[in-house]
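A look at the structure
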Amino acid sequence: MRIAKIETAEVNIPLVTPFKTALRTVDSVHDILVRVTTDDGQEGFGEAPPTAVITGDTRGSIRCAIEEFIAPALIGMEIENLDGIMKKLHGAILKNTSAKAAVDMAIYDLFAKSCGKPLYQILGGSRKEIETDLTISVNGIEEMVADSLKAVEQGFTTLKIKVGKEGLKDVERIRAIRQAVGPEIRLRIDANQGWSAKDAVRIIRTMEDMGIEMDLVEQPVNAHDFAGMKLVTSQVYTPILADESVFSPEDAIRLIQERAADLINIKLMKTGGIYEALKICAIAESYGVECMIGCMLESKIAVSAAAHLAAGKGIITRADLDGPSLCREDPYTGGPVYAGNRIIMNDTWGMGITEVPAFAGR
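Cut-offs applied
- Residues numbered from 1 in each chain as written.
- Predicted model: local features only at pLDDT ≥ 70, side-chain atom pairs only at ≥ 80, totals over all residues.
- Heavy atoms only, no water.
- Buried < 20%, exposed > 50% of the residue type's maximum accessible area, 1.4 Å probe, protein only.
- Helix = DSSP H or I, 4+ residues; strand = E, 2+ residues; numbered from the N terminus.
- Right-handed = clockwise from strand over helix to strand, strands pointing away.
- Pairing = 2+ DSSP bridges.
- Axes fitted to C-alpha atoms, helices over the stretch in contact; angles between N-to-C directions.
- Core = buried A, V, L, I, M, F, W, Y, C linked by side-chain atoms within 4.5 Å.
- Contact = heavy atoms within 4.5 Å.
- Polar contact = N/O pair within 3.5 Å; in protein donor to acceptor, adjacent residues only side chain to side chain.
- Left-handed = near helix turned anticlockwise from the far one by under 90°.
- Nonpolar A, V, L, I, M, F, W, Y, C, P; charged D, E, K, R; others polar.
- Phe/Tyr/Trp six-rings, centres within 6.5 Å; stacked < 30°, edge-to-face > 60°.

Judged by which residues are buried, strand β10 (residues 263-266) turns out to be covered on both faces: Leu263 and Asn265 on one side and Ile264 and Ile266 on the other are all buried. For the crossover that starts at strand β9 (residues 240-242), traverses helix α9 (residues 249-257) and ends in the parallel β10, the hand is right-handed. The sheet contact formed by β10 and strand β11 (residues 291-294) spans three bridges and is parallel. Note on β11: the bridge partner recorded for Asn265 is Met292.

It is worth spelling out the sheet that holds strand β2 (residues 25-38) at this point. Hydrogen bonds between backbone groups are what pair the strands of a sheet, and the pairing can be parallel or antiparallel. Taken in spatial order, the three strands of this open sheet run β1-β2-β3, and their pairing is antiparallel. The sheet is open, and its two borders are formed by β1 (3-20) and β3 (43-48), each paired with just one other strand. Averaged over all pairs of adjacent strands, the angle between their axes in this sheet comes to 20 degrees, without regard to strand direction. By the bridge criterion, six bridges tie β2 to β3 in an arrangement that is antiparallel. For Ile32, the partnering residue across the bridge sits in β3 and is Ala48.

Our focus in this paragraph is the nonpolar core. Membership of the largest hydrophobic core comes to 124 residues, with the highest contact counts inside it found for Ile161, Ile264 and Leu321. Residue contributions to this core peak at eleven residues, all from helix α3 (residues 97-115). Beyond its immediate stretch of four places on either side in the chain, Leu321 contacts Ile130, Thr132, Asp133, Ile293, Gly294, Cys295, Val303, Ala306, Ala307, Tyr338 and Ile343.

The backbone phi angle of Gln193 is positive, close to 70 degrees, even though this residue is not glycine. The residue Arg259 is not glycine, and still its phi comes out positive at about 55 degrees. With respect to the helices, strands and loops of the structure, Arg259 is situated in the loop between α9 and β10.

Our next topic: the side chain of Arg35. Within the secondary structure, Arg35 is located in strand β2. Arg35 sits in the buried class, given a relative accessible area of 7%. A distance of 3.1 Å separates a polar atom in the side chain of Arg35 from a polar atom in the side chain of Glu43. Not counting residues within four places of it along the chain, the set of residues in contact with Arg35 comprises Lys5, Ile6, Glu7, Glu43, Gly44, Phe45, Phe359 and Arg362.

Take the environment of Gly46 next. Assignment of secondary structure puts Gly46 in strand β3. Residue classification places Gly46 among the buried residues on the basis of a relative accessible area of 0%. Taking the C-alpha atoms as reference points, Gly46 and Ile107, separated by 61 residues in sequence, lie 8.4 Å from one another. When residues no more than four places from it in sequence are discounted, the contact partners of Gly46 are Ile32, Leu33, Val34, Ala102, Met105, Ala106 and Ile301.

Let us now look at the pairing of β11. Burial of the side chains of β11 extends over both faces: Cys291 and Ile293 are buried on one face and Met292 and Gly294 on the other. With four bridges joining them, β11 and strand β12 (residues 316-320) adopt parallel strand pairing. When the sheet's bridge partners are listed, Met292 is paired in β12 with Arg318.

Turning our eyes to something else, we now look at the packing of helix α5 (residues 141-153) against helix α6 (residues 169-181). In contact at an axis separation of 9 Å, α5 and α6 are set at 35 degrees when each is read in the N-to-C sense. Both α5 and α6 take part in a crossing whose hand is right-handed. Of the residues in α6, those in contact with Ile141, Met144, Val145, Ser148, Leu149 and Val152 of α5 are Glu172, Arg173, Ala176, Ile177, Ala180 and Val181. Partitioning the contact of α5 with α6 into residue classes produces nine nonpolar, one polar and two charged.

With that out of the way, let us pick up the packing of aromatic side chains. The way to describe two aromatic rings as a pair is by their centre distance and the angle between their planes. Considering all chains together, one arrives at one aromatic pair under this definition. Pairing Phe45 with Phe359 gives two aromatic rings, centres 6.3 Å apart and planes at 35 degrees, and the pair type is tilted. A residue pair is termed long-range when its members are at least 10 positions apart, and Phe45 in strand β3 and Phe359 in the segment after β16 (353-355) qualify at 314 residues. Judged by relative accessible area, Phe359 falls into the buried class, the value being 3%.

Nothing here speaks to function; it is all geometry.
What follows is the structure, given as structure tokens:
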């Protein structure tokens with residue numbers, strides 16, 4: 001089974017409501033899709049969102065990286081030579097992690113199909129179901145409370161609250177949401193690098209003093225401010241999750257050794273795909289540091305790859321894989337089933353996705 005063709009296409013799916021964070025506002029999932037076809041007609045699929053404010057990748061740069069650098073390097077290689085493919089993939093071009101992730105997940109999809117198993121089983125897992133949170137975009141307090149209550153009514157037991165724009169006013173947001181949803185709902189607070197280290201300590205301590213229980217606070221300070229992350233982690237009781245600070249296995253080692261965070265958020269678009277994400281999982285396991293699996297604004301293809309990784313690795317104890325729940329429609333056939341807060345893994349081979357309309361007729 002050799003790689004015969006690597007193609008790209010675009011998908012544009014409207015969101016149920018605008019997605020707002022401290023970094024950006026987005027109205028739709030407008031991503032690059034990848035199809036890798038083998039010489040015997042098997043297909044593997046991947047996806048990459050253009051998240052320039054985080055990864056530096058745009059739609060144009062993703063397509064260029066895949067079509068002009070990655071595809072020529074991989075065409076003709078045997079799918080069974082997974083390690084060799086991944087070394088070529090990551091050596092074909094520097095950075096461009098989203099482009100690499102899209103091709104990586106398509107290759108893993110094909111590799112699992114060649115083994116006749118669902119991908120999560122190939123990755124060592126047996127969990128048939130995982131639970132995801134739902135993101136509440138940063139808005140006015142009343143709107144955020146209403147969105148939180150609606151999410152709870154839909155069966156979500158964990159909410160990821162976006163903050164980071166207005167400093168101490170964020171405390172009012174979280175307090176109002178906690179009062180509205182009650183003590184049983186887990187709250188994850190995501191500042192998206194929006195606070196300074198001193199402000200983060202003051203804000204988190206204020207909420208702790210108010211008795212507002214939080215599952216974690218995600219990336220309170222700038223991605224490159226490891227000293228600031230360490231300060232916050234050492235000065236508060238609430239677990240601190242590193243997101244934008246961790247792209248590579250080297251980042252994970254440094255952050256863990258410096259005790260700059262309590263938890264690590266793995267995203268395939270940051271790592272460049274499953275291959276490098278598995279290295280971060282191994283590092284985290286060796287240090288006993290739990291991980292969360294997250295996503296950018298991705299539709300079902302990319303989120304399904306992340307879900308398979310989560311189901312495959314026990315060190316991943318939390319999931320933020322709500323991308324499909326934020327989309328107005330699901331244009332794909334097959335794959336895991338997204339039922340509210342539950343993601344039910346497919347029994348079919350690979351990632352399970354069988355039809356992608358963007359490639360129909362090609």
